[in-house]
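# Chain and residue survey
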Amino acid sequence: MIRSSIKLAVAAAAAVAMAGCALLSSPDPVQTYRFGGPAAASAASEGQTALRQVSLRRVEFPEAVEGDKILGVTGTETAYIAGARWVSPAADLYMESLENAFSAQATRVRVIGPRELSRGERSLNIDIRAFEARYDAPGAAPTVVVTARARLLAMPDRSVAAERTFTVQQPAAANRVSAIVEAFDIATRDLNTQIVSWTDANAG
């Protein structure tokens, strides 16, 4: 009788352990997304060779949104959108999108990325202050808000040649992850176009 009880206890423990393993090996599925695809090219200035060289510093993001999570804000409450992640850290995706925008749209400047060894006559410093989906009420379709402060510094003394804060607000078509991601993509493209145009106008 004692041996039978021991066997039953061992079998029960094994079943519990297997159930635990099954739970651990089956996490909730997470869909990954990206934003800031190839930028639309502007009218090129063919034959223009004297482009102003501008060094682009690594873009700074707030700690809450620099990774792969998508932040939602309702009033004073914040939460990450469940079941969705950026395919890479948001700071990396944005940096790539901004470099692509300069390559496709700039007509007066050439951006030198952080990985290049040469230095430009100007330095472009961009700090992202907000990168979030804001809800007026729980369950409502949010508005994506992206705010960035840009500064152009004259080298080598690093004096401020121009400074501006940009804010883009893009309503999502619905309170669905796909619609929210689309709003982030549109907002990012809009912001980048404004930054490129502003840099073109002020880097001379």
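We now turn to the structure provided with this report.

### Concerning the side chain of Arg122
With respect to the element layout, Arg122 can be found in strand β6 (residues 122-135). With residues near it in sequence (within four places) discarded, Arg122 still touches Arg52, Gln53, Val54, Ser55, Leu152, Leu153, Ala154, Met155, Ala161, Ala203 and Gly204.

### Brief notes about unusual backbone geometry
A cis amide bond links Met155 with the next residue in sequence, Pro156, at an omega value of 5 degrees. With respect to the helices and strands, Pro156 occurs in the loop between β7 (143-154) and β8 (159-171). Even without a glycine there, the phi angle at Arg158 is positive, about 60 degrees. Inspection of the secondary structure puts Arg158 in the loop between β7 and β8.

### Topic: the pattern of salt bridges
Counted under the stated rule, the structure contains 9 salt bridges. The salt bridge partner of Arg57 is Asp127, with a shortest N-O separation of 3.1 Å. Of this pair, Arg57 sits in the loop between β2 (52-56) and β3 (69-74) while Asp127 sits in strand β6, and the two are 70 residues apart along the sequence. Looking at Asp127, the relative accessible area reads 16%, which means it is buried. When the shortest N-O distance is used, the salt bridge between Glu163 and Arg149 registers 3.4 Å. Here the residue Glu163 occupies a position in strand β8, and Arg149 occupies one in strand β7, the gap between them amounting to 14 residues. Relative accessible area serves as the criterion here: at 46%, Glu163 is assigned to the partly exposed category.

### Considerations on the pairing of β2
Pairing geometry for β2 and strand β5 (residues 109-112), over 4 bridges, is parallel. Of the residues in β5, the one forming a bridge with Arg52 is Val109. As defined by bridge partners, β2 adjoins β6 across 3 bridges and the pair is classed as parallel. Within the sheet, the bridge partner assigned to Val54 lies in β6 and is Arg122.

### Let's talk about the packing of aromatic side chains
Summed over the entire model, instances satisfying the criterion amount to 8 aromatic pairs. With a centroid separation of 5.3 Å and an interplanar angle of 50 degrees, the aromatic rings of Phe35 and Phe131 are classed as tilted. Of this pair, Phe35 sits in the loop between β1 (31-33) and β2 while Phe131 sits in strand β6; the two residues are 96 residues apart in sequence, bridging distant segments of the chain. Pairing Phe131 with Phe184 gives two aromatic rings, centres 5.0 Å apart and planes at 45 degrees, and the pair type is tilted. Note that Phe131 is positioned in strand β6 and Phe184 in helix α3 (residues 177-202), a separation of 53 residues in sequence. You can call Phe131 buried: its relative accessible area is 3%. Through a chain of ring-to-ring contacts, the aromatic side chains of Phe35, Phe61, Trp86, Tyr94, Phe131 and Phe184 assemble into a single cluster.

The rules behind each value
Residues numbered from 1 in each chain as written. Predicted model: local features only at pLDDT ≥ 70, side-chain atom pairs only at ≥ 80, totals over all residues. Heavy atoms only, no water. Helix = DSSP H or I, 4+ residues; strand = E, 2+ residues; numbered from the N terminus. Contact = heavy atoms within 4.5 Å. Salt bridge = Lys/Arg side-chain N within 4 Å of Asp/Glu carboxyl O. Buried < 20%, exposed > 50% of the residue type's maximum accessible area, 1.4 Å probe, protein only. Pairing = 2+ DSSP bridges. Phe/Tyr/Trp six-rings, centres within 6.5 Å; stacked < 30°, edge-to-face > 60°.

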